[in-house]
Amino acid sequence: MLDIRIEKTTNPKPIPAPGEPLGFGKIFTDHMFIMNYTEGKGWHDARIVPYQKLELAPAAMVFHYGQEMFEGLKAYHGANGGTFLFRPDMNAKRANDTNRRLCIPEIPIEDFVDAVKAVVKVDEAWIPTDPGTSLYVRPFIIATDEFLGVAPSKTYLFMVILSPSGAYYESGLDPVGIWIEDEYVRAVRGGIGFTKTGGNYVASLAAQVKAHDEGYSQVLWLDGVERRYIEEVGAMNIFFKINGTVVTPMLTGSILPGVTRNSVIELCKDWGIPVEERRISVEELYEAQQNGQLEEVFGTGTAAVISPVGTLRWKDEVMTIQDGGIGELSQKIYDTITGIQLGTLDDPKGWRVEVK
Ligand code: COI
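Residues numbered from 1 in each chain as written. Predicted model: local features only at pLDDT ≥ 70, side-chain atom pairs only at ≥ 80, totals over all residues. Heavy atoms only, no water.

## A short note on the environment of Arg100
Rules: Each helix is a run of DSSP H or I of at least 4 residues and each strand a run of E of at least 2, with the numbering of both proceeding from the N terminus. Relative accessibility thresholds used throughout: buried, under 20% of the residue-type maximum; exposed, over 50%; partly exposed, between the two (1.4 Å probe, protein chains only). Pairing of N or O atoms within 3.5 Å defines a polar contact, subject to two protein rules: one partner must be a possible hydrogen donor and the other a possible acceptor, and residues neighboring in sequence count only if both atoms are side-chain atoms.
Mapped onto the fold, Arg100 is located in helix H2 (residues 88-101). Its relative accessible area of 46% is what places Arg100 among the partly exposed residues. Sequence separation between Arg100 and Thr311 is 211 residues, and the spatial gap between their C-alpha atoms is 37 Å. Polar contacts involving the side chain of Arg100 include one to the side chain of Asp97, which spans 2.4 Å.

This is the structure we're talking about:
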């Protein structure tokens with residue numbers, strides 16, 4: 001059990017009232033978790049302190065070479081009381097997969113989960129209760145050595161901040177329009193595409209701006225070598241229902257192994273729906289749509305939950321799915337995952353973890 005010192009704020013901020021629009025990731029709670037790493041000493045000084053600005057040297061390595069990682073999960077008010085997280089051990093394990101790739105020291109799984117639980121408990125009153133809202137939890141690590149050489153840092157900070165949030169997309173569960181990008185690429189095999197680190201997200205910005213200018217809300221990436229095979233949407237993994245089969249790109253090292261992705265695959269298999277994790281080319285997708293076999297498209301992510309896709313733009317072609325509406329399977333998956341998260345449905349797999 002992580003030994004955490006707690007210093008409560010003497011100046012609490014007003015908690016947003018029910019009904020107040022929250023947006024996503026704009027409001028921060030009263031406290032944050034913080035822990036230091038020093039080479040030779042390991043992770044130490046775990047504490048929860050008032051949410052505050054950091055003091056870092058301008059030469060801190062994170063600012064120059066991007067040695068940092070982050071995670072994203074959510075805390076919910078249970079329908080029958082209590083506070084819950086959804087599969088936080090999956091985030092802790094993925095955090096260490098990222099850490100190993102980026103030469104950041106690993107954090108024991110139990111310590112990661114303890115840190116999240118402890119800070120969520122302190123700011124439990126900030127968990128919003130309106131439908132579709134939750135407390136978004138953002139754990140992250142930054143390299144803090146004051147040094148301009150390219151090397152792994154010897155000191156780090158691990159922090160967890162909390163943000164009461166609504167839907168990631170302003171449109172909520174309304175289908176989004178997605179731009180299939182065939183000029184820029186996000187990641188290549190052997191690179192860092194599978195990690196959760198700022199570098200993957202900054203690499204997406206130019207294409208995202210282009211997509212926004214064209215009226216689309218997100219970018220669907222193609223593989224970095226042939227620019228044919230579908231990868232992911234940056235803030236989401238992607239799923240297609242083609243002729244009764246659920247197809248999603250396989251994990252090859254260049255896409256994020258999403259917790260929601262994993263949960264959706266398990267649920268579909270439990271329901272007897274065939275699921276294929278494989279390579280799928282944009283040409284195959286286009287053909288399926290032309291033949292009327294592309295039944296549903298949806299993105300999955302912690303922030304986005306399930307996001308139906310209404311249109312896909314590839315070069316000059318616009319593919320419309322479900323006449324731009326929500327598919328039956330997308331809706332069922334959304335209802336099931338949010339039902340398990342909120343405790344209105346049974347949780348036979350033990351995905352819901354109570355914060356006590
Ligand atoms: C999440 O879904 O939690 C993410 O980290 C995606 C992020 C870009 C908002």
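## Description of helix H3 (residues 109-122)
How we decide: One less than the number of residues in a helix, times 1.5 Å, gives the span that helix is expected to have.
Compared with the 20 Å implied by 1.5 Å per residue over 14 residues, the 20 Å span of H3 between its first and last C-alpha is a close match. Within the sequence span of H3, burial applies to Asp111, Phe112, Val113, Asp114, Ala115, Val116, Ala118, Val119 and Val120.

## Some thoughts on the packing of aromatic side chains
Filter applied, for reference: By convention, a stacked pair of Phe, Tyr or Trp rings (six-membered ring in the case of Trp) has centres within 6.5 Å and planes under 30 degrees apart, an edge-to-face pair has planes over 60 apart, and any other such pair is tilted. Look at NZ for Lys and CZ for Arg. If either is within 6 Å of the ring centre and within 35 degrees of the ring normal, a charge sits over the ring.
Inspection of the entire model under this criterion finds 14 aromatic pairs. Aromatic side chains Phe28 and Tyr51 sit 5.6 Å apart centroid to centroid with 5° between the ring planes, which places their arrangement in the stacked category. Residue Phe28 is found in the loop between strand E1 (5-6) and strand E2 (31-38), and its partner Tyr51 is found in the loop between strand E3 (42-50) and helix H1 (62-65); the two are separated by 23 residues along the sequence. Judged by its relative accessible area of 25%, Phe28 falls in the partly exposed class. Ring pairing ties together the aromatic residues Phe33, Tyr37, Trp43, Phe112, Tyr156 and Phe158, which thus form one cluster. Sitting over the ring of Tyr229, Arg279 keeps its end group 3.8 Å from the ring centre. Directly above the ring of Trp271 sits Lys332, whose terminal nitrogen or CZ lies 4.1 Å from the centroid.

## Things to note about the site of the ligand
Worth spelling out the cut-off: If a single non-hydrogen atom of a residue is within 4 Å of a molecule or strand, that residue counts as near it. The protein chains shown are the only cover counted for residues, whose accessible areas, like all others here, come from Shrake-Rupley with a 1.4 Å probe. Amino acids are sorted into nonpolar (Ala, Val, Leu, Ile, Met, Phe, Trp, Tyr, Cys and Pro), charged (Asp, Glu, Lys and Arg) and polar (every other residue, Gly among them). How far each domain reaches was decided by an automatic or database domain assignment.
With respect to spatial proximity, the complete set of residues near the ligand consists of Phe70, Gly72, Tyr136, Arg138, Tyr168, Lys196, Tyr201, Thr302 and Ala303. A distance of 2.6 Å separates an oxygen atom of the ligand from a polar side-chain atom of Tyr136. When isolated, the ligand has an accessible area of 280 Å², and the protein chains bury 90% of it. Among the residues making up the shell around the ligand, the classes are represented as five nonpolar, two polar and two charged. Residue contributions to the shell around the ligand reach at least three from each of two domains, namely domain 1 (5-165) and domain 2 (176-342).

So, to be careful, I would describe these as geometric facts and stop short of saying anything about function.
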